[in-house]
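Structural characterization, general
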Amino acid sequence: MTTNTDLFLKRLRASEFLRGLDEGALTQIAESAAWKVYPPNAVIFWEGDNESNLYFLQYGSLKAMKTSSDGREQVLRFLYAGEVFNEVGALAGKPNPATAIALEESGVWLLPRYALDKILLEHPQVALQIIELVTLAADLSLKTVEARFAKLLIEFAEGDVIERRRWTNQTEMAARLGTVPDVLSRVIRELTRAGLIEMDKQSIRILDRAGLAERAMIQGE
């Protein structure tokens, strides 16, 4: 009979996050993890909390969000089955940069920090790989979709123009940014309304590079 732990171990074997660990180490992680099911709209953790668990989403979907000073929600990231999250809180020892909320019933594995520390000490090559992934996760966790999109435009612009290729349709761009097309559409409307970009079927044009760099949280542009 297949247990939840067996299913989790199978997912861990396929996880990019833990690539390079041997079977014994993966088994240690699986056996130390706690299983929890969250109903729709449940809060997994709050922004600002000190949460040292690393989370693995077995099934369901979540959103990571911040609340601005005027009370508006800013969705930073959507999470789906097979993804690891709270890398910054668990591995960098910093307060959670966002609130995580279940969008539907979601099954989550909680990996305690002490178990991760033990594994990383025994497998230094995996520690280096995880540092790289945490750096990427920090970008997703700490920057809004608007900031990530603005940064993407600046990086890919030739002059101040991005020609519309396959990856520049909104579905592909949303996936690249770790969000969904509806959220990206709102960001594009806001940047257009602010006079920072202009977009048509052939190209995306940067009209105000300094203003766009400010939205991207880039210094010195």
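For the structure, check the block above.
Let us look at the structure shown here. From a predicted model like this one, the values you see are computed outputs, not experimental measurements.

Take the environment of alanine 174 next. Along the chain, alanine 174 turns up in helix 7 (residues 170-177). Overall, the relative accessible area of 0% leaves alanine 174 in the buried class. Between the C-alpha atom of alanine 174 and that of serine 185, which follows or precedes it by 11 residues, the distance is 9.1 Å.

Pairing within the open sheet is antiparallel, and its 4 strands lie in the order 1-8-3-6. Strands with a single pairing partner mark the edges of an open sheet, and in this sheet they are strand 1 (34-38) and strand 6 (84-85). Pairing of strand 1 with strand 8 (residues 106-111), which is carried by 5 bridges, proceeds in the antiparallel orientation. Across the sheet, residue valine 37 finds its bridge partner in strand 8, namely glycine 107.

Let us now look at the pattern of salt bridges. Under the counting rule described, the total for this entry stands at 6 salt bridges. Aspartate 160 is paired through a salt bridge with arginine 209; the nearest N and O atoms lie 3.0 Å apart. With a gap of 49 residues between them, aspartate 160 in the loop between helix 6 (145-156) and strand 9 (161-163) and arginine 209 in helix 9 (residues 209-215) connect regions that are remote in the sequence. Where arginine 215 meets glutamate 190, a salt bridge forms, and the shortest distance between an N and an O atom there is 3.7 Å. With arginine 215 in helix 9 and glutamate 190 in helix 8 (residues 181-193), this residue pair connects regions lying 25 residues apart in the sequence. When its relative accessible area of 25% is taken as the criterion, arginine 215 is described as partly exposed. Exposure remark for glutamate 190: the relative accessible area of 28% places this residue in the partly exposed category.

Conventions adopted
Residues numbered from 1 in each chain as written. Predicted model: local features only at pLDDT ≥ 70, side-chain atom pairs only at ≥ 80, totals over all residues. Heavy atoms only, no water. Helix = DSSP H or I, 4+ residues; strand = E, 2+ residues; numbered from the N terminus. Buried < 20%, exposed > 50% of the residue type's maximum accessible area, 1.4 Å probe, protein only. Pairing = 2+ DSSP bridges. Salt bridge = Lys/Arg side-chain N within 4 Å of Asp/Glu carboxyl O.

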